[in-house]
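# Working through the structure, step by step
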Amino acid sequence: MNKYFVSITIALLGLLAGCAHQWTLSTADTRLTLAISNNHPTIAHLQNPTDSHDWIPSNLPIPLMSKVSIDNHEIPLSWTFQSAQNDRSANTITLLFTNTTPNLTLKSIWRARPGHGPIEHHIEITNQSPHRITLTNQQSLTLSSLQTGDPASFWWINRGGSNASTEGGTFTEPLTPSRDITLNSDPTNGSAPVPWLAIQISNQRGLYVGWEFSALGALHAHVSTSPQTLDIDLGNPPNFKTDLDPNQTFQVPPAFVGCYTGDIDDGSYTLHRFILEKLRPRIPANYPDPTLAYNLYLDAGGNHATESDVLRSVSTCHDLGFETFMPDAMWFPSTGDWRWDPARFPRGVTPIEQAVHNAGMKFALWCAWTNGGISSDPGALSIRGPVAHPDWFTSDVPPTWQPAPFSGALLCLASPAAKQWALAKTQSLVQNFHLDYLKHDINPIVTSCSRTDHLHHYGVDTSYYSTRAYYDIQNHLLKSNPSLLLENCSGGGHIKDFGVIQCTHYTVATDTLSNLPDRQSIYDSTFAFPPLLLQAYTYDNAYPVQGDAPANFLWRSGMMSAWQIDPTDTATWTDAQRDSVRRSTQIYKSWIRPILAGAKVHHILPRPDGLHWDGMFYYNSSLRHGMLYIFRPDSPIGEQSIHLKGLDPKQQYWIWAEDASLSPGIHTGQELMNRGLTITLPHPYSSDLIYVQDAALGKPNGLELPGEFHLLTANPTSTLFTASATLSWQPSPSARSYRIRISPSPDFHNPVLDTSVMNPTTTALKLPPNQQLYWKVDAISWAGSRQNSAGPAHFQTPELSPLPGITFLSDMPWVSSTAGAGNTVHRDTAYQDRPISISHHTYEKGIWTHAFPDSTPADLVVNLPNNSYARFAANCGVEDSAGNGTIQFQVLADDHLLAQSPVLHAGDMHPFNLDIHNAKQLTLRVLNGGDGNSCDHAAWGYARLIRAGAPDPIAQLTTDSKR
């Protein structure tokens, strides 16, 4: 064995006549002995080299394909063993079998790569006859009569592609007699299971299997009754069949089996090392791994963003500390027309690409290059029109068919011509746009296709050939562009398996980019995959949930893996929110990223559910550093005892917290695992990062308590709509952050503000007017916290500025109100109670509604007192959080149209200032822009009635917002 305690040891035993040949392969974790019996391969032994338990104590046969067809005539097969080949350079044993009629060869290839991990197996079948042969299913791996012991349990996970909260999951159940489990792998189904199954015996040992392919497949496990043993097989679907022409070879996808000692997390660690060291493509030398990526989609106005919008986001990306800048589904004119929109980007990609590279960052791009549309541009992928290739797609479309904004007709890569187009197109994207990173999305692998001139012939083999072609395209990109990174998105984690990770560097964890789904997806996925390659997006304030504000709770929900921020409206972020991102990127680069490279993942708390504390613990034994991520979601409990795992009981460790949720100190591994840590989090939706370091490395720098500091005089102010206060204090020596609380009572039991900032000043917004408020500040360092000297201070907020003669519609009774997409009309808030924002201007007062999908108007109706008001005024537009809506606004007086806007897109704002003398009823109407109501969030900013002769100070605010 080599210095890694692993090698392939291939021993030819039983050289005497009449004895079977045996070959033993071994990794650090798995040893498997092969033999030949009755011209079939068998497994004689399967165990962990350090464990006496043998999962297969006697020869168990591996079934080989039993029949084929020629011209619809079924022919049984009879295989004869010919030879075994030992390729030490490839760490493989190849067992060769032949069949006479028809003339076929079958190679059973076993591979044991040095280091941690499983043993792999795949089969190659070559047609040496003059006939086209229809192959039946050949399993990738079959394990029979496994001796499990008692108690034992199954473990498997779902992908959680579109939304880990509804489609993900970690499942475990005991092995019981006659139990049958079938896990159907599907690259288009976000809730499909990952093709992985583990069998855990107590906390002593386990075994896992997995399939290294992305097509439709099945993993089946059956528990027999007496004696209780386990059968497992995995591979293509049971009804799989495909044609094999003369002199062609069919590759049965590879599978693997691995053994381990310890609990399920111990088994996951051995698999993680195998994935990172053997399966995942090499990371370019000039790229930190994982790269900190900044995704641009909504933040610059979605698919209405212009060059100047994108360049502003490039600057923001660099300022916040991110390393890779990615325009997402917003840069092209239409689906399938994969060029920079000439209307919005007349200079093309060049100024953006140069700005990114001049800032020392990497340039990435989103593209759904297997999706076609109807563009007539000569370079477009189209299913209809003068440049169309309809035969490349999975089916025809109706004459009136239109693509969606960033998805369309699906290319079938099993079409050789379509594959060649994709090879050339992806290469041109990388070369012409000077990409460092390419993200692919939206169903590159299809599972059904109506065409008869593609490589597939039977429906059941469509996804097989589609997968093979997709792998070829991705591998061609990697080979021809050695400095390129590839991200597998595909609807957000729909393709999550051990095949796709061999031709991409990152796989998206889930497509709902919210704090809870992110943590759930990482919890689930890390049982099979290392967090280093799981791409977690954070999408601030995009969903109607708490915890998604642009702050630490959200950032840390993505920082457990390859973090990619996807901001929605950085123009409205406060300085404190920007500071929180900068600090998070610093922590990620200096502490988290090095740990991820060799992290052993410990699932120390149950799967996140949004109601109970959750957290995970990573420890890198090579660095002797660890990180405990801990979250208090919507829980009333403020304190928890957390037990760590995987530490040396006799070793001592330094423990300290980023946000002072515990006191720093030295603890033994036994104390941390048995007694645990007591952690205090101040309020729901708070979190902390707990650092763990081997005490032998010395005392960490920075463990000094904050020094004394004093509060300065508060500066309260008020506007037309709200009170605020600028709060400042002396800097506290050694402080890393400050916690500020404001409350109407000196006991601070019901604070109106409880937040953290990085610098010794902040502006508290939306305070109650004309009220005495108390405030205090805690300086926080890694060593703990210190409250400001002299205790809490207080200040008085002023009254709001009066608005005589103006009445806001959001303050009036309504005759009726209707909104589309199952929504209600909101007063003074947007979707999920966010502030109303139009064209990046915030409106403290206004109305939010939603268009209907058809011609139904979304109306708000108010009665007007006789001759009380002279004018109606408002700014209207697509509310900024919507992204890509198209809406028309109308104002009616007594059912007569007074005025209407043009169709407005994201970023547009249209003002109304209308004479309503003598009107008795006013209707504010919203219509969709003629393309359905997707993202049609409509806002009436400062919608108000003005009495005759009354001043309108708000008009100046709206004028300023247009400048």
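The structure presented is a predicted model; accordingly, all values stated were derived computationally and were not measured.

## Side note on the nonpolar core
- The biggest cluster of nonpolar side chains holds 194 residues, and the ones touching the most others in it are Trp196 and Trp331.
- Setting aside chain neighbours within four positions, we find Trp331 in contact with Trp338, Arg339, Trp340, Asp341, Arg344, Phe345, Leu365, Trp366, Cys367, Leu429 and Phe433.

## Re the layout of surface pockets
- Each pocket or cavity is described by its volume, and for the second largest pocket that value is around 1300 Å³.
- Split into classes, the residues belonging to the lining of the second largest pocket amount to 22 nonpolar, 17 polar and nine charged.

## Here's the deal with the sheet that holds strand 28 (residues 485-488)
- With respect to topology, eight strands assemble into a closed barrel ordered 22-23-24-27-28-29-30-31, the strand pairing being parallel. Going from strand to strand, the sheet's axes swing by 25 degrees on average, the running direction of each strand aside.
- Summarising the sheet, strand 27 (residues 437-440) and strand 28 pair through four bridges and their orientation is parallel. Along strand 28, the bridge assignment pairs Lys439 with Glu487.
- Sheet contacts for helix 3 (residues 307-320): strand 22 (293-296) and strand 23 (324-327); angle to strand 22, the most-contacted strand, approximately 155 degrees.

## Let's talk about the environment of Gly115
- With respect to the helices and strands, Gly115 occurs in the loop between strand 9 (104-111) and strand 10 (119-127).
- The class of Gly115 is buried, set by a relative accessible area of 9%.
- Once the C-alpha coordinates of Gly115 and Pro951 are considered, the two residues, 836 residues apart in sequence, prove to be 78 Å apart.

## A look at the pattern of salt bridges
- Taken as a whole, this structure holds 35 salt bridges when the rule is applied.
- Between Asp377 and Arg339 there is a salt bridge, with the nearest N and O atoms lying 3.5 Å from each other. Of the two residues, Asp377 sits in the loop between strand 25 (371-372) and strand 26 (409-410) while Arg339 sits in the loop between strand 23 and helix 4 (350-358), which places them 38 residues apart along the sequence.
- One salt bridge in this structure joins Asp828 and Lys845, with 2.9 Å as the shortest N-O distance. A residue pair is termed long-range when its members are at least 10 positions apart, and Asp828 in the loop between strand 50 (826-827) and strand 51 (836-838) and Lys845 in the loop between strand 52 (841-843) and strand 53 (846-850) qualify at 17 residues.
- Linked by salt bridges that have partners in common, Arg132, Asp243 and Asp245 make up one network.

Procedures and definitions
Residues numbered from 1 in each chain as written. Predicted model: local features only at pLDDT ≥ 70, side-chain atom pairs only at ≥ 80, totals over all residues. Heavy atoms only, no water. Core = buried A, V, L, I, M, F, W, Y, C linked by side-chain atoms within 4.5 Å. Buried < 20%, exposed > 50% of the residue type's maximum accessible area, 1.4 Å probe, protein only. Contact = heavy atoms within 4.5 Å. 1 Å grid on protein atoms, 1.4 Å probe; cavity = no way out; pocket = protein on both sides within 12 Å on 5 of 7 lines; lining within 4 Å. Points joined across faces, edges and corners; volume = space filled by probe spheres on them. Nonpolar A, V, L, I, M, F, W, Y, C, P; charged D, E, K, R; others polar. Pairing = 2+ DSSP bridges. Helix = DSSP H or I, 4+ residues; strand = E, 2+ residues; numbered from the N terminus. Axes fitted to C-alpha atoms, helices over the stretch in contact; angles between N-to-C directions. Salt bridge = Lys/Arg side-chain N within 4 Å of Asp/Glu carboxyl O.

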